[in-house]
Amino acid sequence: MSDRPYADLTDNGLVELSKENPDAFGELVARYQERMFRYARRMSYFSEEDLEDLVQEAFVKAYRGLNAFDGDLQFSTWMYRIARNTVIDAIRRKQARPQTVRLDEDDAAKLFRSDIDLRADLEAKDCLALLRGVIGAMPPAYREVLVLRFLEEKSYEEIMDIVRKPKGTVAALINRGRKQLLEEAERLHIKC
Amino acid sequence: MKDLSKDVVSKIKEDRIVPEPRFRSEWKSHAFWLLMGLMVLVGALSLSLAIFNVSDLDPRLAARLGLWRFVVVLTATAPYLWIALSFLALALGVRAFRNTSRGYRASALFVTSLVVLAISVLGVAGHALKLDRHMGGMLSRNAPPRLGGLFSPGEGRWLRPGDGLIGGEVTDVRAYEFMLKSFDGEEWKIAYGDDTERRGPGEVAVGSRVGVVGERVGEREIRALSIKVFPADWNGKPPKGSGPHGGPRFRRDGHGASPLGAEASE
């Protein structure tokens, strides 16, 4: 028997089935756990173990709220929203702002690349480390939309549904965030 | 990372977690809809009271008073409390709408326009249905004396003899003059002529309440350029007396016809 008996079902079909059969929800977890883990890591400064607990908590919350999922949003968008709220709650519980977010060097390059050409030689590790610091120090409101837009590659509409802000506000935050990122990089003479 | 699917399913089964009923997940959204509706009603009522408090300020007064004095009177006696409350209700209504389940999707301009429209339509309807008159009167009667002017600045507008505005209850009517007990309890003699403009329903009679626009010609005497008879239930305070609306509707001039009744036009 297959390890994933529900693999052929759509997300919406799995949601309906999961209300009666929690095993079907396991398939949704399997589909989205990595994305949620990566997203939570990019949004926070928690350890791997804490992140796994957070992602698990987010999926359990999603299961509790399955009746509120009406198909108006994609399941992934809805899941991102729950994960975001779970991470924010966890940060508040710890009563600390993220000091250094868990962006890897590829992430830093992705946020930066569309305006400044990356040198082919990406051995400039110090430079990308500096850039990561700049991104990590940005206000959370900017950082989260930049992460969603450029790292999670979400559309403006999806970001609007995840952060529950109007599309115009999302667009403004992305533009201002990028501008701030580039200005700060220029001020620190970061030219990766 | 490790595979969480088995852990999540095990936890759901062990803790016997079941999906919550939909209303439990969405009660906040419903509460914000309710709050928005409440704010629209509060805004509409405040707007209605604001309209009511400026409705006696006919733009034609500007011609009588002069534009500058008209602006001064309007500025000094505008219903700031109701205007501020309307704006506060608008802001809270927009905010509440934004917090409903899909409220974040609409643009700020759209939401604001929607709430402004709802408040305006209901506010004007409230004014047309005279809800503001009843509410204004109730507030005027029950407000602490010091705050009366805040709730009903309309009466204060007619207590500015220096600007040529005086209002109150008619206590005696003679040919080409009548006595007026102003809203603050002082006796005034009002002189009028054939050229005095008459506005408002009913006649100038003992017990009726009027607003006079004119020129101060003595310590307690004003020559009227325009006299407005307020509706019997203006500001919710029926005139004192024994007539159907409190005051006798006969005139006590005893000196033949006066131009006041004859020229009643409204």
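Scope of this entry: the structure provided in the associated data block. The numbers attached to residues start from 1 for each chain and follow its sequence in the written order. Chains carry letters from A onward and ligands carry numbers from 1 onward, assigned in written order. Note on the predicted model: pLDDT of at least 70 is required for a residue's local features to be given, and 80 or more for side-chain atom pairs to be given and counted; whole-chain, interface and lining totals, by contrast, use all residues. The basis for every side-chain value is the complete set of heavy atoms in the structure, and neither hydrogens nor water enter the calculation.

Our focus in this paragraph is the overall build of chain B. Each helix is a run of H or I in the DSSP string that is no shorter than four residues. Each strand is a run of E no shorter than two, and both are numbered from the N terminus. From N to C terminus, chain B includes 10 helices and 7 strands. Each residue is assigned to one of three classes by its accessible area relative to the maximum for its type, calculated with a 1.4 Å probe on protein chains only: buried under 20%, partly exposed between the two thresholds, exposed over 50%. Of all 266 residues assigned to chain B, the portion counted as buried reaches 44%. In chain B, the share of contacts with a sequence separation of at least 24, taken over all contacts with a separation of at least 6, comes to 67%. Residue burial considers only the protein chains on display, and all accessible areas are found by Shrake-Rupley using a 1.4 Å probe. Accessible area of chain B: about 13,700 Å², with a carbon and sulfur share of 63%. Working rule for contacts: check all heavy atoms of both residues, and any pair within 4.5 Å makes them a contact.

All right, on to the packing of helix 2 (residues 22-54) of chain B against helix 6 (residues 108-128) of chain B then. All names here are of chain B. Under this scheme, a helix contributes an axis fitted over its contacting stretch, all axes are lines through C-alpha atoms, and angles between N-to-C directions fall in the 0 to 180 degree range. Their axes nearest at 7 Å, the elements helix 2 and helix 6 cross at an angle of 50°. Relative to helix 6, the element helix 2 lies oblique. In this structure, helix 2 meets helix 6 at a crossing whose hand is right-handed. In contact with Met 36, Met 39, Val 40, Leu 41, Gly 43, Ala 44, Leu 47, Ser 48, Ile 51 and Phe 52 of helix 2, helix 6 contributes Val 115, Ala 118, Ile 119, Ser 120, Leu 122, Gly 123, Val 124, Gly 126 and His 127. Classifying every residue of the contact of helix 2 with helix 6 by side-chain character gives 13 nonpolar, 6 polar and no charged. Roughly parallel covers angles under 35 degrees, roughly antiparallel covers those over 145, roughly perpendicular covers 65 to 115, and oblique covers all other angles. Here a crossing is taken to be left-handed if its near helix is turned anticlockwise relative to the far helix by less than a right angle, and right-handed if that turn runs clockwise. As a working rule, the residues Ala, Val, Leu, Ile, Met, Phe, Trp, Tyr, Cys and Pro are called nonpolar, Asp, Glu, Lys and Arg charged, and the rest polar, with Gly in that last group.

The next point concerns the side chain of Ser 208 of chain B. Note on placement: Ser 208 of chain B falls in the loop between strand 5 (197-199) and strand 6 (209-218). Polar side-chain contacts of Ser 208 of chain B include one of 2.7 Å to the backbone oxygen of Ala 205 of chain B. Under this definition, polar contacts are N or O atom pairs within 3.5 Å; protein pairs additionally need one hydrogen-donor-capable and one acceptor-capable atom, and for neighbouring residues in sequence, both atoms have to be side-chain atoms.

Let's shift gears to the packing of aromatic side chains. Two aromatic rings, drawn from Phe, Tyr or Trp (for Trp, its six-membered ring), form a pair once their centres lie within 6.5 Å of each other, and the interplanar angle then sorts them: stacked below 30 degrees, edge-to-face above 60, tilted otherwise. A complete count under the given rule lists 12 aromatic pairs over all chains for this structure. When the ring of Phe 69 of chain A is compared with that of Trp 78 of chain A, the centres are 5.1 Å apart and the planes differ by 50°; the resulting orientation is tilted. We classify Phe 69 of chain A as buried; its relative accessible area is 7%. The buried category is assigned to Trp 78 of chain A, whose relative accessible area is 9%. Ring centres of Trp 33 of chain B and Phe 97 of chain B lie 5.4 Å apart, and the angle between their planes is 90°; on these two criteria the pair is classed as edge-to-face. Within this pair, whereas Trp 33 of chain B is found in helix 2, its partner Phe 97 of chain B is found in helix 5 (residues 80-98), the two being separated by 64 residues in sequence. Directly above the ring of Phe 150 of chain A sits Arg 178 of chain A, whose terminal nitrogen or CZ lies 4.7 Å from the centroid. Two conditions define a charge sitting above a ring: the NZ of Lys or the CZ of Arg must be within 6 Å of the ring centre, and it must be within 35 degrees of the ring normal. The ring of Trp 188 of chain B carries the charged tip of Arg 220 of chain B above its face, separated from the ring centre by 5.4 Å.

Counting residues in hydrophobic clusters, the biggest one holds 59 residues, and the most contacted among them are Phe 25, Phe 59 and Phe 75 of chain A. Looking at this core element by element, the count peaks at 10 residues for helix 2 (residues 22-43) of chain A. Filtering out sequence-adjacent residues up to four positions away, Phe 59 of chain A remains in contact with Phe 25, Leu 28, Val 29, Tyr 32, Gln 33, Met 36 and Met 79 of chain A together with Val 8 of chain B. The criterion is simple. A nonpolar core is a set of buried Ala, Val, Leu, Ile, Met, Phe, Trp, Tyr and Cys residues joined through side-chain atoms within 4.5 Å. Grouped together as the second largest cluster of nonpolar side chains are 16 residues, Ile 166, Tyr 192, Val 204 and Val 206 of chain B included.

Summary: where empty space remains is shown by rolling a probe the size of a single water molecule over the atoms. All names here are of chain A. The way it works is a 1 Å grid over only the protein atoms, where trapped points that fit a 1.4 Å probe form a cavity and open points with protein on both sides within 12 Å along at least five of seven lines form a pocket, and then any residue with an atom within 4 Å of a point lines it. Grid points are joined across faces, edges and corners, and a volume is the space filled by probe spheres set on the points. Within this structure, the stated rule accounts for 2 cavities of 30 Å³ or more. Lining of the second largest cavity is provided by Met 36, Ala 40, Leu 54, Val 55, Ala 58, Ala 83, Thr 86 and Val 87. Where the lining of the second largest cavity is concerned, the elements lending two or more residues are helix 2, helix 3 (48-64) and helix 4 (75-93). By residue class, the composition of the lining of the second largest cavity is 7 nonpolar, 1 polar and no charged.

Let us look at the side chain of Thr 196 of chain B. Along the chain, the position of Thr 196 of chain B falls in the loop between strand 4 (187-191) and strand 5. For Thr 196 of chain B, the side chain forms a polar contact with the main-chain oxygen of Ala 224 of chain B, separated by 3.1 Å.

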